Protein chains: 2
Amino acid sequence: MAKEVLLAHGSGGKLTHDLIRNVFLKHFRSPLLAMRDDAAVWRHSSSTEVQWALTTDSYVIQPIFFPGGDIGKLAICGTVNDLAMVGAQPLYLTASFILEEGLPLSDLEQIVASMARTADEAGVEIITGDTKVVDRGNADQIFINTAGVGIVPKGVHISGANAQPGDVVILSGPIGLHGLAVMSQREGLRFSFPLHSDCAPLNSLVAAMLQADMRIHCLRDPTRGGLATTLNELAAQSQVGIEIEEARVPIPESVHAACELLGIDAFYAANEGKLVAIVAPEAESAILAAMRRHPHGRETVTIGHVTAAHPGKVILHTTLGAHRILDMLAGAQLPRIC
Amino acid sequence: MAKEVLLAHGSGGKLTHDLIRNVFLKHFRSPLLAMRDDAAVWRHSSSTEVQWALTTDSYVIQPIFFPGGDIGKLAICGTVNDLAMVGAQPLYLTASFILEEGLPLSDLEQIVASMARTADEAGVEIITGDTKVVDRGNADQIFINTAGVGIVPKGVHISGANAQPGDVVILSGPIGLHGLAVMSQREGLRFSFPLHSDCAPLNSLVAAMLQADMRIHCLRDPTRGGLATTLNELAAQSQVGIEIEEARVPIPESVHAACELLGIDAFYAANEGKLVAIVAPEAESAILAAMRRHPHGRETVTIGHVTAAHPGKVILHTTLGAHRILDMLAGAQLPRIC
């Protein structure tokens, strides 16, 4: 094991999971934390019918403004989506800022205005906050933390641990847009085609899905570590195998081109406006239809299924007719992508 | 107004308040946020008898280990205390880490273990979290954010806006210990006397106070900006005057000495294990007695009272028999103290 923190500890991949297990779960002995879903869900004795959800994320993305968004929009979408991924309707957010001395106040105001707009779009209210300033050179412009509280509707039980053999794996649209848009901006690459982050709040999409059919077993947004890492997390949590048809996974031409230039695999590139849903087979058609009617789900596709074979592993059936294990992200392919 | 972020914007003093008003409150139009208490309090339709509280803080203290604590202990105490300051019993915390590449993993584990111990002491559970890593030179070792959720017991209505003329101002013990311990450590000063941070979770002290008498109008922990800034916040929020007897405010000999060496006024130095309570005069004796029985309140004293005169202003009656306006912190006396 490494003796110091490496960039890959923040990649969302294997080393992140090692750190969580070997340091955080070792000391923070909470059954809710050990669930390792995107948000923790609990009931309170005052009303045992209600399930509350709580989540948090810090955002350190660089650059702070990028095609399709900025760190403020991302900080709202990311936390709203983590609540949505346990089926919760987000209610309230916190916003905490770590600012580097010298950050132009006009940049801060632009970011705050973007947060306010995105919160309005998602129907959440920012009700408490905090501001810290660190001396020049000891942070990088601005870091934002948001935590979020939501309510899980009655009868909803969504967890990464709930996938069952026979379930269907659904993806809400093309992958790689956020990661490649940010990396291209950071590297100063210009393409002849547009490449915009897909950053978007997904809570209304999830609400539409639940209205169509409650038999949603797992939801997760493939952010850090990309689609491949998310599928591996779900396979491990549920102790099932997952089989994916490569030809069914939509990858935009622009993402293909940027991946080639930057030496990145789109399956490991971050998304900030997509979700993976694992649903009961009888629910597939109703949920697909509901998703395709929603602005953030127009390009929804079924990409694979869950199997009792090879528990904990994700198998990719390639376009060439071969199959291979699709592993979790191992290194730090895309640092500071969120 | 400044064009860029200054260290003083993070001091907790005048510039912090300007930033909150001119940027955050301008865009985040939430009545709960506009209350500007240490935590936001709401009710949910599922059980209108229950009041929930939510708060957040990011911690950027330097050095990360200091006499009497570390950034992990501070990150638990600070957020637990913000919940306690609206009378809430803390239930659940989030923990989000921004790590600088190269941080020794042994330091991280020591901090996480300290968080776990402090959370146990306070009776709270860390149920969800996040880890980000930034490249070397773009953060300073470790920044931690904690957000907290709590329940406000029935019949409790504590807010910085509730002080009334005739109320009594109570302080739970000697001031300046956290700020001076951290500054002395940072400057490499050694004294012949011990100087330890007072960093402690105050939720059980507040519970004991409420059990003694519910007529507590305001609670606030004098952290950034110190006692002087906290009293000014309460005077402004409640639109009342506050009169303080300087001779009654306990300042330890060690704090006096360190203040003199460092050119710091103890009234503006941060505390992390003290609270100011403004209570109805009839409740004073019961609350004083309850506080003095508690380990974190043994040295509790009444330091002044609330008046209808000079609303928004704090008057200090000095030991020399004169009186002067005790203003909010204006500059950045103590950067990165929490």
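Just so you know, these numbers come straight off a predicted model, no measurement behind them. (Residues numbered from 1 in each chain as written. Chains lettered and ligands numbered in written order. Predicted model: local features only at pLDDT ≥ 70, side-chain atom pairs only at ≥ 80, totals over all residues. Heavy atoms only, no water.)

J.: Explain the overall build of chain A to me, and be specific about the residues and the numbers.
T.: Counting its regular elements, chain A contains 9 helices and 14 strands. The C-alpha atoms of chain A give 19 Å as radius of gyration, which agrees with the globular expectation for 338 residues (20 Å, within 12%). Overall size of chain A, expressed as C-alpha extent along the three principal axes, is 55 × 55 × 45 Å. Per-residue burial for chain A yields a buried fraction of 63% across its 338 residues. A fraction of 83% describes how many contacts in chain A between residues 6 or more apart in sequence connect residues 24 or more apart. (Helix = DSSP H or I, 4+ residues; strand = E, 2+ residues; numbered from the N terminus. Rg over C-alpha atoms; globule rule 2.2 N^0.38 Å. Buried < 20%, exposed > 50% of the residue type's maximum accessible area, 1.4 Å probe, protein only. Contact = heavy atoms within 4.5 Å.)

J.: I'd like to hear about the interface of chain B and chain A, residue by residue, with values.
T.: Taken together, the contact between chain B and chain A spans 77 residues of the former and 77 residues of the latter. With both sides pooled, the region where chain B packs onto chain A buries about 6,800 Å², and carbon together with sulfur makes up 68% of that total. Our enumeration of links across chain B and chain A arrives at 10 salt bridges. Taken together, the links from chain B to chain A amount to 30 residue pairs in polar contact (both at pLDDT 80 or more). Residues belonging to the side of chain B that touches chain A are distributed by class as follows: 42 nonpolar, 19 polar and 16 charged. (Buried area = accessible area lost by both parts, 1.4 Å probe. Salt bridge = Lys/Arg side-chain N within 4 Å of Asp/Glu carboxyl O. Polar contact = N/O pair within 3.5 Å; in protein donor to acceptor, adjacent residues only side chain to side chain. Nonpolar A, V, L, I, M, F, W, Y, C, P; charged D, E, K, R; others polar.)

J.: Explain the environment of A:Ala236 to me, using residue names and the numbers behind them.
T.: Tracing the backbone shows A:Ala236 in helix H7 (residues 226-238). Along the backbone, A:Ala236 and A:Val314 are 78 residues apart, and their C-alpha atoms lie at a distance of 9.4 Å.

J.: Please set out the sheet that holds strand S1 (residues 40-44) of chain A residue by residue, giving values where relevant.
T.: Residues and elements named next belong to chain A. Reading across from one edge, S1-S2-S7-S5-S6 is the order of the 5 strands in this open sheet, with mixed pairing throughout. Where the open sheet ends on each side, the last strands, each with one partner, are S1 and strand S6 (125-134). Taking the axes of each pair of neighbouring strands and ignoring which way they run, one obtains an average angle of 20° across the sheet. Where strand S5 (residues 89-100) and strand S7 (residues 142-152) come together, 10 bridges link them in antiparallel fashion. By the bridge assignment, alanine 95 is partnered in S7 with threonine 146. Packed onto the sheet, helix H3 (residues 71-84) meets strand S2 (47-59), S5, S6 and S7 and runs at close to 145° relative to S2. (Pairing = 2+ DSSP bridges. Axes fitted to C-alpha atoms, helices over the stretch in contact; angles between N-to-C directions.)

J.: I'd like a rundown of the domain arrangement of chain A, residues and numbers included.
T.: All names here are of chain A. Split by domain assignment, chain A resolves into domain 1 (35-152) and domain 2 (168-325). Relative placement of domain 1 and domain 2: their C-alpha centres are 23 Å apart. Domain 1 puts 25 residues into the contact, and the matching count from domain 2 is 23 residues. Looking only at domain 1, the three residues that lose the most surface to domain 2 are Pro67, Asn81 and Met85, adding up to 28% of its buried area. Here domain 1 is connected to domain 2 by 2 salt bridges. Between aspartate 37 and arginine 220 there is a salt bridge whose closest N-O contact spans 3.0 Å. Of all the elements in the fold, those that place two or more residues in the side of domain 1 that touches domain 2 are strand S3 (65-66), H3, S5 and helix H4 (105-122). Here the side of domain 1 that touches domain 2 gets 8 residues from one element, more than from any other, and that element is H3. Residues of the side of domain 1 that touches domain 2, tallied by class, amount to 13 nonpolar, 6 polar and 6 charged. (Domains from an automatic or database assignment.)

J.: So what about the relation of the copies chain B and chain A? Which residues, and what values?
T.: Between the two copies, chain B and chain A, the superposition gives an RMSD of 0.0 Å; the rotation angle is 180° and the shift along the axis is 0.0 Å. The two molecules are tied by a two-fold rotation axis, judged by turn and shift. No C-alpha of chain B approaches the rotation axis more nearly than that of B:Ala139, which lies at 2.1 Å. Both copies present the same face, since 100% of the interface residues in chain B are matched by interface residues at the equivalent positions in chain A. (Least-squares fit on C-alpha atoms with pLDDT ≥ 70 in both.)

J.: So what's going on with the packing of aromatic side chains? Residues and values would help.
T.: Evaluated as defined, the whole model comprises 12 aromatic pairs over all chains. Considering the side-chain rings of A:Trp52 and B:Trp52, the 4.7 Å spacing of their centres and the 45° angle between planes classify their relative orientation as tilted. Taken together, the residues span two chains, with A:Trp52 in strand S2 and B:Trp52 in strand S2 (residues 47-59). Of the two residues examined, A:Trp52 and B:Trp52, each falls in the buried class. Here A:Phe191 and A:Phe193 contribute two aromatic rings whose centre-to-centre distance is 4.9 Å and whose plane-to-plane angle is 10°, an arrangement assigned as stacked. Classification of A:Phe193 as partly exposed rests on a relative accessible area of 27%. (Phe/Tyr/Trp six-rings, centres within 6.5 Å; stacked < 30°, edge-to-face > 60°.)

J.: Run through helix H9 (residues 284-293) of chain B, naming residues and quoting values.
T.: Residue and element names in this part refer to chain B. Of all the positions in H9, only Ile287, Leu288, Ala290 and Met291 are classed as buried. Looking straight down H9, one finds its buried side chains confined to an arc of 165°; they lie on one side. Facing away from the buried surface of H9 by more than 90 degrees, the exposed residues are Ser285 and Arg293. As for H9, its buried residues are in contact with strand S8 (168-171), helix H6 (203-212), strand S9 (216-220), strand S11 (276-279) and strand S12 (301-307). (Arc of directions from axis to C-beta.)

J.: Lay out the sheet that holds strand S1 (residues 40-44) of chain B in plain terms, naming residues and giving numbers.
T.: Residue and element names in this part refer to chain B. The strand order S1-S2-S7-S5-S6 describes an open sheet built from 5 strands, whose pairing is mixed. Looking at strand neighbours, the two that pair on one side only are S1 and strand S6 (125-134), the edges of this open sheet. Shown here is a sheet whose adjacent strand axes are inclined to one another by a mean of 20°, direction ignored. One ladder, built from 9 bridges, connects strand S5 (residues 89-100) with S6; its direction is parallel.

J.: How would you sum up the pairing of strand S10 (residues 241-245) of chain B? Please name residues and give values.
T.: Residues and elements named next belong to chain B. Buried residues dominate S10, accounting for 4 of its 5 residues. Bridge count between S10 and strand S13 (residues 314-317): 4 bridges; the pairing is parallel. The residue of S13 that forms the bridge with glutamate 245 is histidine 317.

J.: Explain the packing of helix H5 (residues 177-187) of chain A against helix H8 (residues 253-262) of chain A to me, and be specific about the residues and the numbers.
T.: Residues and elements named next belong to chain A. Axis separation between H5 and H8 bottoms out at 10 Å; the angle between their running directions is 50°. One element, H5, and the other, H8, form an angle in the oblique class. As for the relative orientation of H5 and H8, their crossing is left-handed in sense. For the pair formed by H5 and H8, the contact residues are Leu177, Leu180, Met183, Ser184 and Glu187 on the first element and Ser254, Val255, Ala258, Cys259 and Leu262 on the second. (Parallel < 35°, antiparallel > 145°, perpendicular 65-115°, else oblique. Left-handed = near helix turned anticlockwise from the far one by under 90°.)

J.: Give me the lowdown on unusual backbone geometry, citing residues and values where you can.
T.: The linkage connecting A:Gln62 with the following residue, A:Pro63, adopts the cis geometry, with an omega of 5°. As for its position among the elements, A:Pro63 is in the loop between S2 and S3. Of note in this structure, B:His310 is not a glycine but carries a positive phi near 35°. Examined against the element boundaries, B:His310 turns out to sit in the loop between S12 and S13. For B:His310, a relative accessible area of 24% puts it in the partly exposed group.

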